[in-house]
Amino acid sequence: IAYNGHIVDLWEKIIERNWFPSTYRPGFHTIRPDSNWFLEQWIPFDFSNQSTKNEGDQPDLIDGRWGDWRRASKSWEPYNPDIYDYQIKGNCKRWIFRCLNMEARLRELTQEDVDEAFNRANNNIPTALAFTNHDFRKMNGEIDKIRNYISISMKKFSDVKIHFSNPINAARKVLNLKQNLINLNLEILDNRKDLFKIKVTSNNNIFGPQPYLAIKTLKNEFIWENFDKGLNEYEWFFTFDSHHIPKSSLDKIGIAANSFDGTTEVINLDLKSLKINKYLYNYE
């Protein structure tokens, strides 16, 4: 599936692998209004910004065709994007981090970029220096190149301490976020022959307006749905019946949510046994 492949992928990860992401890096670092709004509902950390001082002259990238970051910050400062323009600062809740390419034909990490990250840290500003590779070739030479950049910067800024980290923990340290469990919970409110109603609650604020709801049918079909919001800010409801998705078609239900610090909680319900399983990912 091309258009909604990311949605299908999330369904399967929740239900089949008991997992849900809290950090994202898009293919070709391409964000559009729809993905900007989609991410804002569930994903707190977004390593997408590839703004560079020299955009290059690649003919297939004219006018930002494959990932436009020309107006975004060229510093290593993370920012909350605008709801209508992901490249500028705004009132969205997720954090966008800068992440440049290893050896590549565009947006390549340079010694100057590494020096700027170290200089920022040297001014007592926690900084995430992020880089990536999106290819099938061997990375040995590219990794050595980045190591050399870092070694040179370490000599220039000898007081800077470095830590190798995954993106979630790096985001937490830079933003000074403490782990905050949301204590996601699933309760079966009604279980009749033709009706099945669930209630989902949390003890703390989740990232976004609602948990992610994934449904698997007995025909091995996956469905993504929205909850009904309760009067309490920490509760959501969904009803399965003949008016929408009948109870008789259900196989499994998966629910996932992130806290603002990227702690992930997943709940899966097997309709055959009514067994509820919970999973926690804190990445410490």
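Just so it is clear, the model here is predicted, and its values are computed rather than measured.

Let us look at the sheet that holds strand E8 (residues 222–225). Working definition: the strands of a sheet are paired by backbone hydrogen bonds and lie parallel or antiparallel to each other. In space, the 5 strands of this open sheet follow the order E8-E7-E11-E12-E13, with antiparallel pairing throughout. Taken across any chain shown, the strands that pair with only one partner, and hence form the sheet edges, are E8 and strand E13 (275–281). Each strand of the sheet is rotated relative to its neighbour by a mean of 20 degrees, with strand direction disregarded.

Each aromatic ring pair is specified by the distance between its two centres and by the angle formed by the two planes. Across all of its chains, the model carries 13 aromatic pairs by this definition. Considering the side-chain rings of Phe20 and Tyr212, the 5.4 Å spacing of their centres and the 45 degrees angle between planes classify their relative orientation as tilted. Pair noted here: Phe20 is in the loop between helix H1 (5–17) and strand E1 (23–24) and Tyr212 is in strand E7 (residues 212–217), with a separation of 192 residues, a long-range link. Residue Tyr212 is classed as buried on the basis of its relative accessible area of 0%. Taken together, the aromatic side chains of Phe20, Phe38, Trp42, Tyr212 and Trp224 make up a single cluster linked through ring pairs. Above the plane of the ring of Trp76 lies Arg98, whose end atom (NZ or CZ) is 4.6 Å from the centre.

Here we come to unusual backbone geometry. A positive phi angle is found at Phe28, which is not glycine, with a value near 60 degrees. Mapped onto the elements, Phe28 comes out in the loop between E1 and helix H2 (33–42). Given the relative accessible area of 36%, Phe28 is considered partly exposed. A positive phi is found at Asn220, a non-glycine position, where the angle reads about 65 degrees. The residue Asn220 is located in the loop between E7 and E8 in this model.

Together, Trp37, Ile83 and Tyr84 give the surface a local cluster of nonpolar side chains, amounting to about 360 Å² of exposed area. Examined against the element boundaries, Tyr84 turns out to sit in the loop between strand E2 (45–49) and strand E3 (95–101). What makes Tyr84 exposed here is its relative accessible area of 68%.

What follows deals with helix H4 (residues 140–156). The first and last C-alpha atoms of H4 sit 25 Å apart over 17 residues, in line with the 24 Å expected at 1.5 Å per residue. Buried within H4 we find Glu142, Ile146, Tyr149, Ile150 and Ser153. Along the axis of H4, the buried residues cluster in a sector spanning 95 degrees; they form a single face. Residues of H4 that are exposed and angled more than 90 degrees away from the buried face: Asn140, Arg147 and Lys155. Contact partners of the buried residues in H4: helix H3 (111–122) and strand E4 (130–132).

What follows covers the sheet that holds E4. With parallel pairing, the 4 strands of this open sheet are ordered in space as E1-E2-E3-E4. In this open sheet, the two strands that pair with only one neighbour each are E1 and E4. Pairing analysis gives 2 bridges linking E1 to E2, with the strands arranged parallel. If you follow Tyr24 over to E2, its bridge partner there is Asp46.

Time to look at the side chain of Glu142. Within the fold, Glu142 resides in helix H4. A polar side-chain atom of Glu142 sits 2.6 Å from a polar atom in the side chain of Asn133. If sequence neighbours within four positions are ignored, Glu142 has contacts with Met102, Glu103, Asn133 and Arg137.

The subject of this paragraph is the pairing of strand E11 (residues 250–258). Where burial is concerned, most of E11 is hidden: 8 out of the 9 residues are buried. The sheet contact formed by E11 and strand E12 (residues 264–270) spans 7 bridges and is antiparallel. Bridge pairing links Gly254 to Asn268 in E12. As consecutive antiparallel partners, E11 and E12 are separated by 5 residues, and within that stretch Gly262 has a phi angle of approximately 90 degrees, a positive value.

Thresholds applied
Residues numbered from 1 in each chain as written. Predicted model: local features only at pLDDT ≥ 70, side-chain atom pairs only at ≥ 80, totals over all residues. Heavy atoms only, no water. Pairing = 2+ DSSP bridges. Helix = DSSP H or I, 4+ residues; strand = E, 2+ residues; numbered from the N terminus. Axes fitted to C-alpha atoms, helices over the stretch in contact; angles between N-to-C directions. Phe/Tyr/Trp six-rings, centres within 6.5 Å; stacked < 30°, edge-to-face > 60°. Buried < 20%, exposed > 50% of the residue type's maximum accessible area, 1.4 Å probe, protein only. Lys NZ or Arg CZ within 6 Å of the ring centre and 35° of its normal. Patch = residues over 30% accessible without salt bridge, like charges linked within 9 Å, V, L, I, M, F, W, Y side chains within 5 Å. Areas by Shrake-Rupley, 256 points an atom, 1.4 Å probe, with all protein chains shown as cover. Salt bridge = Lys/Arg side-chain N within 4 Å of Asp/Glu carboxyl O. Expected span 1.5 Å × (residues − 1). Arc of directions from axis to C-beta. Contact = heavy atoms within 4.5 Å. Polar contact = N/O pair within 3.5 Å; in protein donor to acceptor, adjacent residues only side chain to side chain.

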